[in-house]
Amino acid sequence: MEAIRVLLVDDEKEFVVTLAERLRLRGFDTTPVVCAEDVFALIRSEGSPDVVLLDLKMPDMDGMDVLANIKLFDPSIEVIMLTGHGGDPEGVGAKKGGAFEYIMKPIDIAELMVKINQAAAQRRRGLSGS
Amino acid sequence: MIYLLKKLFKYLVMDTFEAARPFTVGKRYKHFRRTLLLIMTVITMTPLVVAATLSYYQYQVLLEKEFKNHIRWNAESAGRTISAFIEELRSVIGFIADEYSHEDLADQEFLSSLFSRLKHKRGLVDLGYIDPRGIQQTYAGPYEFRGKGYRNMVWLKESIARRSTVSEVFMGYRKMPHFVIALTKKRPGLEEYWVLRASIDAETLGQFIGTIDTEASDDIFLINHAGELQTSSRYFGKVGDTFPLESLPYKSGVTLKVEKGDSFTSLKAFAYIEGTPWILVLVKRGYIHERVWSSFKMELIGIVFISAVLAFIVILRTANILGSRIREADEKREAMLSEVEHTSKLASIGRLAAGVAHEINNPLAIISEKAGLMHDFLEISGDFQYKDNFYGQIGGILDAVNRCKVITHRLLGFARRMDVTPEFILLNEVVREVLSFLDKESLYRGIKFELELQENLPKIQSDKGQLQQILLNIINNAIDALERGGRVVIASCSYGEAFVGVRISDNGPGISEENMKYIFEPFFTTKTHGEHKGTGLGLSITYGLVKKLGGKISVESTLGVGSTFNIMLPIEFKVGLDGEDGSDTGFVGG
């Protein structure tokens with residue numbers, strides 16, 4: 001089975017690169033991105049990932065706007081929001097905006113893997129269904 | 001007047017507070033009460049005293065006027081009576097003089113016969129015919145005055161000059177006070193005058209005057225124009241004595257004179273009696289001290305006194321109530337300000353905490369991922385020296401990260417804006433549910449729960465989950481504070497119609513006064529070490545939750561005795577109540 005493609009978007013380079021490496025070690029096909037603008041260039045050039053791990057607050061663009069644009073570009077991409085910020089209302093807001101799940105930093109890798117697998121499974125189910 | 005009152009108020013009240021600053025609080029309110037009492041007494045008593053004084057003088061003037069009118073009327077009436085008496089006698093004499101000739105009257109027998117028919121006329125002592133030579137030719141009466149000469153008598157001269165006269169009272173030949181009514185007639189065809197005269201006793205005149213009803217006066221008598229008494233007087237002596245008359249009163253009508261003496265005030269009424277040489281005098285001593293006046297004064301004094309006492313009681317009560325109300329309002333305001341200050345302080349700390357938590361979460365995530373990656377590398381690398389040691393070190397880092405994570409997540413939870421989902425719940429049931437969560441913990445730690453729940457409490461509209469959180473936090477704190485064998489009492493009750501309350505008391509070591517100041521502040525904890533080390537967020541979260549539910553929380557504690565947390569919750573949940581939207585604490589998400 002083809003590895004799950006995960007795009008990681010966070011302005012904290014150290015964080016996003018390390019997390020991508022950890023997920024890669026666990027068999028995921030990961031691409032870290034530190035700038036929200038690169039997300040769409042990457043999707044255009046390399047095709048849609050299964051899951052996007054997206055930071056809610058970034059200096060150049062609001063996570064919720066990025067989420068909306070991703071969903072506009074390809075509604076099948078599942079997005080898991082990450083933040084060191086906020087609480088339930090933001091989670092509820094993100095879910096309303098189309099996010100698959102919402103996870104707070106610092107993350108638990110096992111929990112994150114479960115969520116990614118679930119999200120990818122949902123996407124693939126959706127794609128095969130269509 | 002208003003300016004004066006304002007000035008008085010400023011002086012008494014405003015300056016009171018200005019000047020009262022160095023006073024203690026108790027003294028300040030006592031001073032205020034006293035000032036208020038003084039102002040209200042002055043404001044109330046002044047019109048009362050003014051009204052009473054005006055009434056006093058007005059009534060005095062009215063009474064005096066009425067009395068003067070009365071005595072004036074009496075004098076006029078008495079004057080008319082005396083005048084009528086004299087006029088009647090004069091008419092009788094006039095009739096005789098007109099009816100009979102001087103020859104008839106010069107006949108002794110005829111005169112005696114005539115006199116005997118006239119004797120019934122009151123006071124008539126004698127009757128005499130005086131011929132043109134001034135000699136009493138005939139005389140009928142009790143004396144032997146026939147042949148007596150009267151040529152030089154004043155009354156005779158006056159009678160001849162005016163054709164008739166009423167004399168003053170004089171002694172004459174009989175040496176007895178009397179007066180004369182004389183009538184003069186001209187002999188037809190001759191320049192000769194004869195006179196018919198009648199004498200009347202002064203005593204008779206006095207008796208007649210005595211019969212005049214003079215309730216307005218206590219002395220009534222006649223004087224002549226020289227002030228000599230014509231009848232005897234109660235106060236001024238007998239006939240012939242001199243009445244002290246500084247100046248003659250006006251001739252028309254009645255003249256009143258008020259004379260103020262040392263012991264009493266006298267009112268004198270003077271009335272000229274027409275056709276006589278007399279002045280009627282009525283005297284009333286101490287007239288203003290009449291019974292009516294005395295009783296009015298007593299009534300007035302009584303009413304003023306009773307009104308003043310009643311007014312003073314009302315003023316005293318009002319001043320006390322006002323003083324207490326103002327004190328209560330001030331204290332309430334101070335308490336509210338203090339609470340607002342406390343809430344605002346908590347809000348600032350909450351915002352700061354949330355900001356710090358957020359900023360820390362990002363580097364914490366990096367540490368966590370870096371340590372995690374190192375752990376991953378260790379997993380896939382072969383054995384090497386210190387590999388286990390590395391595992392240990394990384395585990396230490398991850399443990400520390402987890403501890404930080406717990407703190408930052410709680411901090412964010414503390415600051416987080418959570419929607420309240422109100423539902424109808426029974427407070428007692430929530431208390432029982434919370435205690436069921438803690439049963440094992442309490443059993444394990446040897447702590448006893450006692451319930452004093454008031455039955456039939458109304459259902460309240462609140463968020464059950466948040467209420468459970470509140471109760472759990474406080475009861476957990478109580479358990480942590482207690483030694484084995486300790487006791488936690490949970491009581492519920494209603495506060496009026498709008499609130500229900502729950503009280504959680506323990507018999508633990510209590511909280512010091514110093515610690516009480518910071519008890520609801522984040523990061524303030526007394527559990528700094530040991531098994532139940534705290535983050536200092538439990539009570540501040542509880543405080544925020546109670547506020548969010550529209551309630552109030554307070555704590556009382558005595559060192560060595562224990563602590564009691566009182567929570568009041570509204571029966572009806574209203575949107576916009578304190579803290580419902582989190583705005584009171586300022587703990588917004590992010």
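These remarks concern the structure in this document.

Analysis parameters
- Residues numbered from 1 in each chain as written.
- Chains lettered and ligands numbered in written order.
- Predicted model: local features only at pLDDT ≥ 70, side-chain atom pairs only at ≥ 80, totals over all residues.
- Heavy atoms only, no water.
- Helix = DSSP H or I, 4+ residues; strand = E, 2+ residues; numbered from the N terminus.
- Buried < 20%, exposed > 50% of the residue type's maximum accessible area, 1.4 Å probe, protein only.
- Contact = heavy atoms within 4.5 Å.
- Areas by Shrake-Rupley, 256 points an atom, 1.4 Å probe, with all protein chains shown as cover.
- Patch = residues over 30% accessible without salt bridge, like charges linked within 9 Å, V, L, I, M, F, W, Y side chains within 5 Å.
- Salt bridge = Lys/Arg side-chain N within 4 Å of Asp/Glu carboxyl O.
- Lys, Arg positive; Asp, Glu negative; His and termini not counted.
- Charge placed at Lys NZ, Arg CZ, Asp CG, Glu CD.
- Core = buried A, V, L, I, M, F, W, Y, C linked by side-chain atoms within 4.5 Å.
- Arc of directions from axis to C-beta.
- Pairing = 2+ DSSP bridges.
- Axes fitted to C-alpha atoms, helices over the stretch in contact; angles between N-to-C directions.

## Looking at the overall build of chain A
In terms of helices and strands, chain A carries 5 helices and 5 strands. Counting every position in chain A, which comprises 130 residues, the buried fraction comes to 50%. If you take every contact in chain A between residues at least 6 apart in sequence, the share linking residues at least 24 apart comes to 64%. Split by element, the accessible area of chain A, about 5,700 Å² in all, is 52% carbon and sulfur.

## Observations regarding a negative patch on the surface
Residue and element names in this part refer to chain A. Where like charges cluster on the molecular surface, the negative patch consists of Asp11, Glu37, Asp38 and Asp60. Structurally, Asp60 can be placed in the loop between strand 3 (51-55) and helix 3 (63-73). Assessed through its relative accessible area of 38%, Asp60 is described here as partly exposed.

## Observations regarding the pattern of salt bridges
Residue and element names in this part refer to chain B. In the structure shown here, the tally under the stated rule is 34 salt bridges over all chains. In this structure, Glu64 and Lys68 form a salt bridge, with 3.4 Å as the shortest nitrogen-oxygen distance. Here Lys68 and Glu64 lie together in helix 2 (residues 25-99), a separation of 4 residues that amounts to about one turn. A relative accessible area of 25% means that Glu64 is categorised as partly exposed.

## Notes on the nonpolar core
Residues and elements named next belong to chain B. Core analysis: the biggest nonpolar cluster contains 46 residues, and Ile82, Leu127, Phe179, Leu196 and Leu280 have the highest contact counts within it. Of all the elements, helix 2 adds the most residues to this core, at 12 residues. Sequence-distant contacts of Leu196, defined by excluding residues within four places in its chain, comprise Ile93, Ile96, Ala97, Leu105, Leu111, Leu127, Gly128, Ile181, Ala182 and Leu183. Leu427, Leu435, Val555 and Phe565 belong to the second largest nonpolar core, which has 42 residues in total.

## Regarding helix 2 (residues 36-46) of chain A
Quick reminder: α-helices carry 3.6 residues per turn. Residues three or four places apart thus point the same way. Residue and element names in this part refer to chain A. Burial in helix 2 covers these residues: Ala36, Val39, Phe40 and Ile43. Considered in projection along helix 2, the buried side chains sweep an arc of 85° and stay on one side of the axis. Counted as exposed and oriented over 90 degrees from the buried face of helix 2: Glu37, Arg44 and Ser45. On the buried face of helix 2, the contacting elements are strand 1 (5-9), strand 2 (29-33) and helix 3.

## Regarding the sheet that holds strand 7 (residues 254-260) of chain B
Residues and elements named next belong to chain B. Spatial strand order, 6-9-8-7: 4 strands in an open sheet with antiparallel pairing. Edge positions in the open sheet fall to strand 6 (219-224) and strand 7, since each of these has one partner strand only. Going across the sheet, the axis of each strand differs from the next one's by a mean of 25°, ignoring polarity.

## What to know about helix 6 (residues 202-211) of chain B
All names here are of chain B. Along helix 6, the residues that are buried comprise Ala202, Thr204, Leu205, Phe208 and Ile209. For helix 6, the arc enclosing every buried residue in end-on projection is 160°, short of the 170-degree limit, so these residues lie on one face. Among the exposed residues of helix 6, those oriented more than 90 degrees off its buried face are Glu203, Gln207, Gly210 and Thr211.

## Things to note about the environment of Asp29(A)
Residue and element names in this part refer to chain A. With respect to the helices and strands, Asp29 occurs in strand 2. What makes Asp29 partly exposed here is its relative accessible area of 36%. It is 5.9 Å that separates the C-alpha atoms of Asp29 and Val6, two residues lying 23 residues apart in sequence.

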